[in-house]
Structures are given as C-alpha cells and as structure tokens.
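# Structural description and commentary
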Amino acid sequence: MKQLTKAEEEIMHVLWQLEKANVKDVISELPEPKPAYNTVSTIIRILENKGFVDYEKQGKGHIYFPLLKKQEYSNQSINNLVDNYFQGSFKSMVSFFVKKNDVDLKDMEAILKDINKTNQ
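The following refers to the structure shown. (Residues numbered from 1 in each chain as written. Predicted model: local features only at pLDDT ≥ 70, side-chain atom pairs only at ≥ 80, totals over all residues. Heavy atoms only, no water.)

## Focus on the nonpolar core
Grouped together as the largest cluster of nonpolar side chains are 20 residues, with contacts concentrated most on Ile11 and Val26. Here this core gets five residues from one element, more than from any other, and that element is helix α1 (residues 6-18). (Core = buried A, V, L, I, M, F, W, Y, C linked by side-chain atoms within 4.5 Å. Buried < 20%, exposed > 50% of the residue type's maximum accessible area, 1.4 Å probe, protein only. Helix = DSSP H or I, 4+ residues; strand = E, 2+ residues; numbered from the N terminus.)

Printed below as a string of structure tokens:
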C-alpha cells in the first residue's frame, strides 16, 4: 500500500469523517487558513489515482468517498512504523513510547486491561 503525504492524509481524514463529500464539503472541514479549491481538488485526484478514493457523478460535479477504511490505513501505517524504526518489534516500539512519554504503572495496568478486554 502506498503511503500518503501529510496533505493527502489530512484530506483522507475528512473523507473518513464525512464518508461522502464534494470538494467544497472537504474544504469546509479543513482548518484555517483554508486551502484553495484547486489545491484540494488536485489532492483528491491524486488520492483517486493512488486507489484511496473514488467518486460518483452528481450533476456537473463529483461526490468523493474513501475506498479504504481508516482502520486499514492505520494498521498499515503502524506496521510500516514498526518495520522502519523498530526493526519489526512491537515490543521495542511500546518500550520506546513508554520511556519517552513517562508512562506510569497505573497507566500501563489500564492499557493491559484494555488489551485483555479486546482479546477476549
């Protein structure tokens, strides 16, 4: 799966949130300063070429929608992070974040409890 640029990812987050949108709808959800219509339209066409987005014709315009679920992209991104920065070791990644973010024992216990609930 191809990785997204920061701008592409920002547009995808809006499309995941809205599920279907035209360019103006996407722009309205973006933070200030708002990008130009042509900029957003170009990014959406790039996303379409990469296979992340498709569209339906609506009158003279298009309604865009994501082809990939946010969870699927998140999983792939995390796997790439682990592979590229932690030699494929989730344990190394978790250890890194625990040390860098000064996670205390109470937080770790809560995380483990949540993991155990998910695995049941």
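Moving on, there is more to tell.
## Regarding the pattern of salt bridges
Counted under the stated rule, the structure contains two salt bridges. With a shortest N-O distance of 2.7 Å, Glu8 and Lys50 are connected by a salt bridge. With Glu8 in helix α1 and Lys50 in the loop between α3 (37-49) and β1 (53-58), the pair connects residues that are 42 residues apart, well separated along the chain. The class of Lys50 is partly exposed, set by a relative accessible area of 25%. A salt bridge links Glu56 to Lys20; its shortest N-O distance comes to 2.9 Å. Of this pair, Glu56 sits in strand β1 while Lys20 sits in the loop between α1 and α2 (23-29), and the two are 36 residues apart along the sequence. Taking relative accessible area as the criterion, Lys20 reaches 44% and is therefore assigned partly exposed. (Salt bridge = Lys/Arg side-chain N within 4 Å of Asp/Glu carboxyl O.)

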